[in-house]
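Spelled out, the chains give:
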Amino acid sequence: MANKDLQQALYLAKFTHTHEEIQALMSGGMAELRDSGIMIQLAYQAMVKMGLDVEAVCARLGITPELLEDRHLRTPHDAQVVFWNVLEEISGDSNIGLHLGEKMPLFKGQVLQYLFLSSPTFGEGLNRVLNYQRLLSDASQASVGMDNGQAYICVDSSSQKVSALRHLSECMALGLIQFFQYVTDGAFKPSCIHFSHAAPENSSEHERIYQCPVQFSESEVRIYFDVKILDLPSSHAEPELLQLHEKLASEHVAKLERQDVVSKVYKVFGEVLETGQVNLDDVAARLDIKPRTLRTRLTEAGTNFNQLLADYRCNLAKRLLSGTDESIDEIVYLTGFSEPSTFYRAFKRWTNQTPVEYRNQRKQA
C-alpha cells in the first residue's frame, strides 16, 4: 500500500474531488459529515493575504483552481484535522487559526447572510440561521443561551476529532464575530470568549485579536455578548424578502437531504463491494428501505443505482491505480469485479485507457 506521505495525500485529496470520488476511495470508516466548500475557498484567500507559501499548501492539500471556483463543493468534515495540521506545519505559526481568521474575507453572498439582514432583529436572524446551519456544515451544533445575564452562542462539532481542534475553534470564533459585526453595523462586541482547548503559553495574541477576555479549558466554545444585541433592529429588515430567503434556504437544505441517500449508498458499497454481490435489492435491504423507495430517492437526487455503482468503481479504480502500488489483480478484487477481463473492459469504457496505461500516465504526471 502507499507510504505515509501518499496516504496523507490520498486523505487530503478529499479537498479536490467530489464527495462521490472520495467515498469511492475512502469508503471504509470515512465520515459522511461534510462542510460547505466556501470554508476552504475563504481560507485560500486568507493564506494569500498572509503571504504563506500557497503553492506548497495547495500541493499538500491538492487544492485546484476548479475547487476554488466550485460553488457547490462540500468537503468531508473530518478532513479539517489534516488541513490544520498541514497549515501549521507549512506556516510554522503556532497561532495559525487566529491569524488565518484575522485575514479571512467576510462571509458574504450566501442565503444565511440574507436571512440575517432581512430579519426584524439580530436575535430573530440568529435563530433563523441556526435552523439552516447545515448549509455551512453537517456537523454544526450551534445554539444560543443565557448565562448570568449575558447571551452567548455556543459552537461545536458533532465529530470528536474536529471539536478538539484548537486552530479551527479560534478561526471560526473570529469569523463569527466579524460576521455578527457586519450584520449589526458594528454594534456586536464580544464580552468574553470560552475555548475548550488548553491555554497556550502566551494568550496575549488572543486578547489583541478578539479584544475581550479569553478563557481556556472550558466545557464549551462560547462567544458571550450583551443580551441587548438580541433585540437590535436590523436596518435591512424586509418581511417579503425574509419569506423569499427562508424559502430559498429550505430548498437548499432539501437538496442536501436528497443527496444524503447517495452517501448512504456509497457507504454500503464500501461494505459489500469486495463480495461482488452488489445490487439494488441488497443495498435497499441494508438501508432498511424498500427497493422502490431507494430507486425513487436516487431519481430525486438526479442519479440511479447503476450509475452510482459505475462511478464508485471507476473512481476507486483510478485512485488505487494512481495512488497505490496494488496489483491489477488486487484492484480487480477491491472494485468488486469477478474477473480481470470484465474489469479491463469496464475501465477502458470509463477512461478510454487500459488500467496499465492509466497508471503509467498518472505516475509520470
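The model shown is predicted, which means the values in this text are computed figures rather than measured ones.

*Asks:* A description of the pairing of strand β7 (residues 222–226) should follow, citing residues and the corresponding values.
*Replies:* Of all five residues in β7, four are buried; the element is thus mostly enclosed. Bridge analysis of strand β4 (residues 150–154) against β7 gives five bridges, and the strand direction is antiparallel. Each bridged residue has a counterpart across the sheet, and for I153 the counterpart in β7 is I223. As paired strands, strand β5 (residues 190–194) and β7 are joined by four bridges and run antiparallel to one another. By the bridge assignment, C192 is partnered in β7 with Y224.

*Asks:* Tell me about empty space enclosed by the protein, residues and numbers included.
*Replies:* Using the criterion set out here, one finds two cavities of 30 Å³ or more in the structure. What the largest cavity holds in volume is close to 950 Å³. Looking at the largest cavity, it is lined by 43 residues, and the ones nearest its centre are M39, L136, L168, M172 and L176. The biggest single contributor to the lining of the largest cavity is helix α11 (residues 166–183), with nine residues. The class makeup of the residues in the lining of the largest cavity is 29 nonpolar, 12 polar and two charged. Computed from the structure, the second largest cavity encloses a volume of approximately 50 Å³. If you go around the second largest cavity, the residues you meet are F116, T121, F122, V183, T184, L232, P233 and S234. Its residues placed into classes, the lining of the second largest cavity shows five nonpolar, three polar and no charged.

*Asks:* Quick one: what's the story with the side chain of N95, residue by residue and with numbers?
*Replies:* When you line up the elements, N95 lands in the loop between α6 (79–91) and α7 (96–103). Residue classification places N95 among the buried positions, given a relative accessible area of 12%. For N95, the contacting residues outside a window of four places in its chain are R166, H167, E205 and H206.

*Asks:* Lay out the pairing of β4 with the relevant residues and their values.
*Replies:* Regular strands place side chains that alternate from one sheet face to the opposite one. Burial runs high along β4: four of the five residues are buried. As paired strands, strand β3 (residues 143–147) and β4 are joined by five bridges and run antiparallel to one another. Note that in β4 the partner of D147 across the bridge is Q150. From the end of β3 to the start of β4, which pair antiparallel, there are two residues, and N148 there has a positive phi angle of about 50°.

*Asks:* Would you mind going over the packing of aromatic side chains in detail, with residue names and values included?
*Replies:* If you walk through the whole model with that rule in mind, you get 24 aromatic pairs. Residues F188 and F225 carry aromatic rings whose centres are separated by 5.0 Å and whose planes lie at 50° to one another, so their mutual orientation is tilted. Within this pair, whereas F188 is found in the loop between α11 and β5, its partner F225 is found in strand β7, the two being separated by 37 residues in sequence. A relative accessible area of 0% means that F225 is categorised as buried.

*Asks:* So, the sheet that holds β5: which residues are in play, and what are the values?
*Replies:* The strand order β3-β4-β7-β5-β6 describes an open sheet built from five strands, whose pairing is mixed. Each having just a single partner strand, β3 and β6 (214–215) make up the two edges of the open sheet.

Analysis parameters
- Note on numbering: residues in each chain are counted from 1, in written sequence order.
- Totals for whole chains, interfaces and linings use every residue, but because this is a predicted model, local features are given only for residues with pLDDT of at least 70 and side-chain atom pairs only at 80 or more, for both listing and counting.
- As a rule here, side-chain values come from all non-hydrogen atoms in the structure, and water together with hydrogens is ignored.
- Relative accessible area decides the class of each residue, using a 1.4 Å probe on protein chains only: under 20% of the type maximum gives buried, over 50% gives exposed, and in between gives partly exposed.
- The way it works is that DSSP assigns letters per residue, a run of H or I at least four long becomes a helix, a run of E at least two long becomes a strand, and they are numbered from the N terminus.
- The criterion for strand pairing is that DSSP finds at least two bridges linking the strands in question.
- Throughout, the protein atoms alone are placed on a 1 Å grid, and a set of points is a cavity if a 1.4 Å probe fits but cannot get out or a pocket if it is open with protein on both sides within 12 Å along at least five of seven lines; lining residues have an atom within 4 Å of a point.
- Grid points are joined across faces, edges and corners, and a volume is the space filled by probe spheres set on the points.
- Gly is placed with the polar residues, together with every amino acid not listed as nonpolar (Ala, Val, Leu, Ile, Met, Phe, Trp, Tyr, Cys and Pro) or charged (Asp, Glu, Lys and Arg).
- What makes two residues a contact is simply this: any of their non-hydrogen atoms within 4.5 Å.
- Any pair of Phe, Tyr and Trp rings, taking the six-membered ring for Trp, is counted once the centres come within 6.5 Å. Such a pair is stacked with planes under 30 degrees apart, edge-to-face with planes over 60 apart, and tilted for the rest.

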